[in-house]
Amino acid sequence: VQLVESGGGLVQPGGSLRLSCAASGFTFSAYGMRWYRQAPGKERALVASISSGGGVRNYVGSVKGRFTISRDNAKSTVYLQMNSPKPEDTAMYYCNRLTSWGQGTQVTVSS
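Residues numbered from 1 in each chain as written. Predicted model: local features only at pLDDT ≥ 70, side-chain atom pairs only at ≥ 80, totals over all residues. Heavy atoms only, no water.

### Concerning the overall build of the protein
Okay, so step 1: Of the regular secondary structure elements, the protein holds 0 helices and 11 strands.
Okay, so step 2: When the elements of the protein are put in sequence order from the N terminus, they spell out β-β-β-β-β-β-β-β-β-β-β.
Okay, so step 3: Referenced to the eigenvectors of the C-alpha coordinate spread, the extents of the protein come out at roughly 40 × 25 × 20 Å.
Okay, so step 4: For the protein, the residues scored as buried account for 40% of the 111 residues in total.
Okay, so step 5: When contacts within the protein are restricted to residue pairs at least 6 apart in sequence, those whose partners lie at least 24 apart make up 51%.
Okay, so step 6: Of the roughly 5700 Å² that the protein leaves accessible, carbon and sulfur atoms contribute 47%.
Okay, so step 7: Across the protein, the mean location of the 12 positive side-chain charges is 5 Å away from that of the 5 negative side-chain charges. (Helix = DSSP H or I, 4+ residues; strand = E, 2+ residues; numbered from the N terminus. Buried < 20%, exposed > 50% of the residue type's maximum accessible area, 1.4 Å probe, protein only. Contact = heavy atoms within 4.5 Å. Areas by Shrake-Rupley, 256 points an atom, 1.4 Å probe, with all protein chains shown as cover. Lys, Arg positive; Asp, Glu negative; His and termini not counted. Charge placed at Lys NZ, Arg CZ, Asp CG, Glu CD.)

This is the structure we're talking about:
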C-alpha cells in the first residue's frame, strides 16, 4: 500500500488549496478514505472521510462548509478542497486508509 500526498503549500486566509492523495497497491474503489491533520504540539485529528463509492462524506465541525472531500476511483486518488482556509488550519495533512498513512503534505495559512 502506498499513499502519496501533494498540493500543500502556503495559502492566504480566504484563499483556496486542493490536496491530492494518489493511492496504489490495493483496490482503491473498495475502501473508504480519510484525511487527517496534525498541528505542531497537537495530536493527529480526523478532518474528513469519504465512503468507497463517494456517496457518504463526513467532516469535523470546524471545516464543515469550507472543505470538501472527493475521490476519483478511476485515478485512485482522493482530494481535499480547502476553501476559505484559516490560520488554525495550518498543519501537516495526511491521507489514510485503515492502518496505512502517507508521508503528509504541509499546509500553512498565513498572510
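That covers the picture; the talk isn't over yet.
### Section: unusual backbone geometry
Okay, so step 1: A positive phi angle, close to 50°, is found at serine 76, a residue other than glycine.
Okay, so step 2: Tracing the sequence through the fold places serine 76 in the loop between strand 7 (67-72) and strand 8 (77-83).
Okay, so step 3: Here the phi dihedral of leucine 98 falls at roughly 50°; this positive angle occurs in a residue that is not glycine.
Okay, so step 4: Its location among the elements puts leucine 98 in the loop between strand 9 (91-97) and strand 10 (100-101).
Okay, so step 5: We classify leucine 98 as exposed; its relative accessible area is 59%.

### Some words on the nonpolar core
Okay, so step 1: In terms of nonpolar packing, the biggest core is built from 25 residues, with Trp35, Val78, Leu80 and Tyr93 touching the most fellow members.
Okay, so step 2: Secondary-structure elements contributing two or more residues to this core are strand 3 (16-24), strand 4 (33-38), strand 5 (45-50), strand 7, strand 8, strand 9 and strand 11 (105-109).
Okay, so step 3: If one sorts the elements of this core by residue count, strand 3 sits on top with 4 residues.
Okay, so step 4: Contact partners of tyrosine 93, with chain neighbours within four places excluded, come to Glu5, Leu19, Trp35, Tyr36, Arg37, Val47, Phe67, Leu80, Met82, Gly104, Thr105 and Val107. (Core = buried A, V, L, I, M, F, W, Y, C linked by side-chain atoms within 4.5 Å.)

### What to know about the environment of tryptophan 35
Okay, so step 1: For tryptophan 35, the location among the structural elements is in strand 4.
Okay, so step 2: Tryptophan 35 sits in the buried class, given a relative accessible area of 0%.
Okay, so step 3: Between the C-alpha atom of tryptophan 35 and that of leucine 80, which follows or precedes it by 45 residues, the distance is 7.6 Å.
Okay, so step 4: A polar atom in the side chain of tryptophan 35 sits 3.3 Å from the backbone oxygen of tyrosine 79. (Polar contact = N/O pair within 3.5 Å; in protein donor to acceptor, adjacent residues only side chain to side chain.)

### Looking at the side chain of arginine 37
Okay, so step 1: Checked against the element boundaries, arginine 37 lands in strand 4.
Okay, so step 2: A polar contact of 2.9 Å, which involves the side chain of arginine 37, links it to the side chain of aspartate 89.
Okay, so step 3: When near neighbours in sequence (up to four residues on either side) are disregarded, arginine 37 contacts Glu43, Arg44, Ala45, Val47, Ser62, Val63, Phe67, Asp89, Ala91, Met92 and Tyr93.

### Side note on the pattern of salt bridges
Should their charged atoms come close, side chains of opposite charge can pair.
Okay, so step 1: One pass over the structure, following the stated rule, counts 2 salt bridges.
Okay, so step 2: Across the pair aspartate 89 and arginine 37 runs a salt bridge whose closest N-O atoms are separated by 2.9 Å. Separated by 52 residues along the polypeptide, aspartate 89 in the loop between strand 8 and strand 9 and arginine 37 in strand 4 bring together distant segments of the chain.
Okay, so step 3: Owing to a relative accessible area of 14%, arginine 37 belongs among the buried residues under this scheme.
Okay, so step 4: Here arginine 66 makes a salt bridge to aspartate 89, at a shortest N to O gap of 2.8 Å. (Salt bridge = Lys/Arg side-chain N within 4 Å of Asp/Glu carboxyl O.)

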